[in-house]
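Spelled out, the chains give:
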Amino acid sequence: MHDARRVSPSMWHTDWLQLGPLSKLIRAQAERLPKGASIVDLGCGDMPYASLLRGLGLDYRPADIDADAVAKGKLPIGPDGRVPLPDHSVDAILSAQVLEHVPDLDAYCAEIRRLLKPGGTLILSTHGSWFYHPHPEDHRRWTRTGLALDLETRGIKVEEMHSICGPLATTTMIRLTAFAFVLKKVPVIGPMIAGALAVVMNARAVVEDAITPAQMRDDNACVYLVRAHVAV
């Protein structure tokens, strides 16, 4: 996905209500890292947050499973899930919307533990509830407590957890995404109608999120972002 959309989405995008707050949370967490800190983007895809993190003065190191990762300037993630970096050699890891696509949580979390320096930071986001979206696989959704449990039983201690988009707004976003998928297939006017519909339904979802009780929103989020470290 284009990095400008991930970092600064527009209201006519169907995922504006998820991507905008997620980008702000990633920025806020990254701003707490010292200048020059190394950060591995583990499962970076199209590297949507590269400009943001480099702009904060961080040593950004993308890593992915692409067959041509090296040619794209990425660290290749091997078949065993390992990144070609020494043990305990990076200050931070970003894992943005990757965990739901990981078939082997044990191996993925083990690599996080191996890579992070003592006291290093994990910034991780994943879905609580959303469409099935294989890229190339899609395996899981989490509750708030389930995500913390799955990380902590694998040696990763959650320090903070932030919720994005509660259940009322999420159902509106799901309907919007489905409508837009159909509308964009209509020649010429379809994409314009989809964009206009997105503005209206995004505005509705903002109101729905505002009136949703905080505990309900926190426990039933579309997206969760955690700040964590390796348990001692």
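Residues numbered from 1 in each chain as written. Predicted model: local features only at pLDDT ≥ 70, side-chain atom pairs only at ≥ 80, totals over all residues. Heavy atoms only, no water.

Novice: Any chance you could explain the environment of isoleucine 65 here in plain terms?
Specialist: Inspection of the secondary structure assignment puts isoleucine 65 in the loop between strand S2 (59-64) and strand S3 (75-76). Exposure remark for isoleucine 65: the relative accessible area of 56% places this residue in the exposed category. Taking the C-alpha atoms as reference points, isoleucine 65 and arginine 82, 17 residues apart in sequence, are found 9.9 Å from one another. (Helix = DSSP H or I, 4+ residues; strand = E, 2+ residues; numbered from the N terminus. Buried < 20%, exposed > 50% of the residue type's maximum accessible area, 1.4 Å probe, protein only.)

Novice: What am I meant to see in the sheet that holds strand S7 (residues 223-230) here?
Specialist: Whether parallel or antiparallel, the strands of a sheet pair through hydrogen bonds between backbone atoms. Pairing within the open sheet is mixed, and its seven strands lie in the order S3-S2-S1-S4-S5-S7-S6. Two strands close off the open sheet at either side, each with one partner strand: S3 and strand S6 (156-164). Two elements, strand S1 (residues 38-42) and S2, share five bridges in a ladder whose sense is parallel. Following the sheet pairing, serine 38 is matched in S2 by aspartate 59. Strand contacts of helix H2 (residues 16-30): strand S4 (90-96), strand S5 (116-127), S6 and S7, with the helix running at about 140° to S6, the strand carrying the most contacts. (Pairing = 2+ DSSP bridges. Contact = heavy atoms within 4.5 Å. Axes fitted to C-alpha atoms, helices over the stretch in contact; angles between N-to-C directions.)

Novice: Would you mind showing me how to read the UniProt feature "domain: Methyltransferase type" (unreviewed entry) in the chain here?
Specialist: Under the present numbering, the feature "domain: Methyltransferase type" (unreviewed entry) in UniProt falls on residues 40-124. The straight-line gap between the two end C-alpha atoms of residues 40-124 is 12 Å; of that span, 20% is helix and 32% is strand. (UniProt positions renumbered as here; feature names shortened; annotations may be inferred.)

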